[in-house]
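Letter by letter, the chains look like this.
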Amino acid sequence: MRLLIKQRVFSWSDTYDVYDEEGNVRYFVRAEVFALGHQIHVYDAAHVEVGMIRQKLFNLLPVFEIETGGIKRGQIEKQFTLFRPKYDIDFNGWQVEGNWLEWDYTILRSNGGVVATISKELLHMTDTYVLDIQNPKDALHVLMFVLAMDAEKCSRD
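Okay, so let's go over this structure.

Within the chain, the regular secondary structure consists of one helix and 12 strands. Going from N to C terminus, the chain has its helices and strands arranged as β-β-β-β-β-β-β-β-β-β-β-β-α. Taking contacts inside the chain between residues at least 6 apart in sequence as the whole, the part at least 24 apart equals 32%. When the accessible surface of the chain is totalled, it reaches about 8900 Å², and 51% of it is carbon and sulfur.

Right, let's get into the nonpolar core. Judged by nonpolar contacts, the single largest core of 39 residues is most densely connected at Y27, V42, Y105, I118, L131, V142 and F145. Per-element tally for this core: the top contributor is helix α1 (residues 139-156), with 11 residues. With near-sequence residues (within four places) excluded, F145 lies in contact with I66, I76, I89, F91, W94, V96, Y105 and I107.

As a further point, take the pairing of strand β2 (residues 15-19). Here is the key point about a regular strand: its side chains alternate between the two faces of the sheet. By the criterion of burial, β2 is predominantly enclosed, with four of the five residues buried. Pairing of strand β1 (residues 2-7) with β2 involves four bridges; the strand directions are antiparallel. Bridge pairing links I5 to V18 in β2. Bridge count for β2 against strand β3 (residues 25-31) is five bridges, and the pairing is antiparallel. Bridged to Y19 within β3 is V25.

Moving on, we come to the environment of I5. For I5, the location among the structural elements is in strand β1. For I5, a relative accessible area of 1% puts it in the buried group. Distance from I5 to V29, taken between C-alpha atoms, is 9.4 Å for residues 24 residues apart in sequence.

To continue, consider a nonpolar patch on the surface. A surface patch of nonpolar side chains, about 410 Å² in accessible area, is lined by L36, L57 and F58. Here F58 shows up in the loop between β5 (49-55) and β6 (63-68).

Further remarks concern the sheet that holds β1. Spatial ordering of the open sheet is given by β8-β7-β6-β5-β4-β3-β2-β1-β12-β11-β10-β9, a layout of 12 strands whose pairing is antiparallel. Either end of the sheet is taken by a strand with one partner, and the two such strands are β8 (86-91) and β9 (95-99). On average, each strand axis in the sheet is inclined to that of its neighbour by 15°, with strand direction left out of account. One ladder, built from five bridges, connects β1 with strand β12 (residues 128-133); its direction is antiparallel. Pairing of I5 across the sheet is with Y129, part of β12.

This part takes up unusual backbone geometry. Of note in the backbone geometry, H47 takes a positive phi value of approximately 65° without being a glycine. On the secondary structure map, H47 appears in the loop between β4 (39-44) and β5. The class of H47 is exposed, set by a relative accessible area of 56%. The phi dihedral of N92 falls on the positive side, at around 55°, and the residue is not glycine. As for its placement among the helices and strands, N92 is situated in the loop between β8 and β9.

The rules we used
- Residues numbered from 1 in each chain as written.
- Predicted model: local features only at pLDDT ≥ 70, side-chain atom pairs only at ≥ 80, totals over all residues.
- Heavy atoms only, no water.
- Helix = DSSP H or I, 4+ residues; strand = E, 2+ residues; numbered from the N terminus.
- Contact = heavy atoms within 4.5 Å.
- Areas by Shrake-Rupley, 256 points an atom, 1.4 Å probe, with all protein chains shown as cover.
- Core = buried A, V, L, I, M, F, W, Y, C linked by side-chain atoms within 4.5 Å.
- Buried < 20%, exposed > 50% of the residue type's maximum accessible area, 1.4 Å probe, protein only.
- Pairing = 2+ DSSP bridges.
- Patch = residues over 30% accessible without salt bridge, like charges linked within 9 Å, V, L, I, M, F, W, Y side chains within 5 Å.
- Salt bridge = Lys/Arg side-chain N within 4 Å of Asp/Glu carboxyl O.
- Axes fitted to C-alpha atoms, helices over the stretch in contact; angles between N-to-C directions.

Following this line, the structure appears as structure tokens:
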């Protein structure tokens, strides 16, 4: 399954539309403008909230919790290093390989099986990402993971 995340050009907050291979809107993503820390809401095509990413406050380094269906599924936490960013990823037992700081990476299961590959498309007016997901049942969780990584990158910039 392939999902395409496209950032909207004219929006007060970070807003994304997520399309499937046929060009149908699968999800809609909106970040809260007036919130302490990042809070990102994910809605399905019927505009029902299906997930949320919330930055935990009062931490020395950024920590982002990922929730779907009102249940905390995991988190991404930046670790202290001097030269190269490092992260503790506690989400579905997944691991990340590749150049995920530049948006070309693979998400792997703990047994080595591929969950998804993520790549950033260049030469677009806005951020555009392609998610190639092996199992369609993982689509929402992969999307939530990618959005949490994007929120962490925004907190660095």
